[in-house]
Amino acid sequence: MSSRASYAIAHRDELERTGNWSLVRRTLDCRSFGVNLVEIPAGESIPEHDETDRDQEELFFVISGSPSLLIDGEAEPAPAGTFARVDPGRRRTVRNDGEEPASVLIISAPQSSGYQPMEWA
């Protein structure tokens, strides 16, 4: 990992880990948003939850595999390359019913963060 006062760079193999989770935010010391990478083995899922208490919107990006994103109990197919955004109050989980592991990047931030998009974006 390379780190300077104003930036940090790490390969996914260098990220701090806990179980199936690679702790991107903690490793890179991100302070404006949460970001983690989770490897979901076949037949497993991440804990179902909502983000109401923290007012966090979540963005999921499926890097590999073909999991399903369950939103309020309804399954949405999410093959590799799929992006999904979920409001804080919705119950969500990612379930891997496939034969291969699924790798999913999850990014979150409070809706009240004051983010201002660039004019062109």
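The coordinates are above.
Nothing here was measured: the structure is a model prediction, and the numbers come from that model. (Residues numbered from 1 in each chain as written. Predicted model: local features only at pLDDT ≥ 70, side-chain atom pairs only at ≥ 80, totals over all residues. Heavy atoms only, no water.)

Caption draft 1: Looking closely at unusual backbone geometry. Non-glycine residue Asp29 carries a positive phi angle of around 60 degrees. Even without a glycine there, the phi angle at Asp72 is positive, about 50 degrees. For Asp72, the location among the structural elements is in the loop between strand 7 (68-71) and strand 8 (74-77). Since its relative accessible area comes to 39%, Asp72 is described here as partly exposed. (Helix = DSSP H or I, 4+ residues; strand = E, 2+ residues; numbered from the N terminus. Buried < 20%, exposed > 50% of the residue type's maximum accessible area, 1.4 Å probe, protein only.)

Caption draft 2: Layout of the packing of aromatic side chains. Taken as a whole and judged by the stated rule, the model has 1 aromatic pair. A ring pair is formed by Phe61 and Phe83, whose centres lie 4.4 Å apart and whose planes are at 35 degrees; its orientation type is tilted. One end of the pair, Phe61, is in strand 6 (residues 56-64); the other, Phe83, is in strand 9 (residues 83-86), with 22 residues separating them in the sequence. Judged by relative accessible area, Phe83 falls into the exposed class, the value being 58%. (Phe/Tyr/Trp six-rings, centres within 6.5 Å; stacked < 30°, edge-to-face > 60°.)

Caption draft 3: Structural context of the sheet that holds strand 7. Strand order across the open sheet formed by 3 strands is 8-7-10, with antiparallel pairing between neighbours. The sheet is open, and its two borders are formed by strand 8 and strand 10 (92-95), each paired with just one other strand. On average, each strand axis in the sheet is inclined to that of its neighbour by 25 degrees, with strand direction left out of account. Bridging between strand 7 and strand 10 involves 4 bridges; their strand directions are antiparallel. In the sheet register, Ile71 faces strand 10, and the bridge partner there is Arg92. (Pairing = 2+ DSSP bridges. Axes fitted to C-alpha atoms, helices over the stretch in contact; angles between N-to-C directions.)

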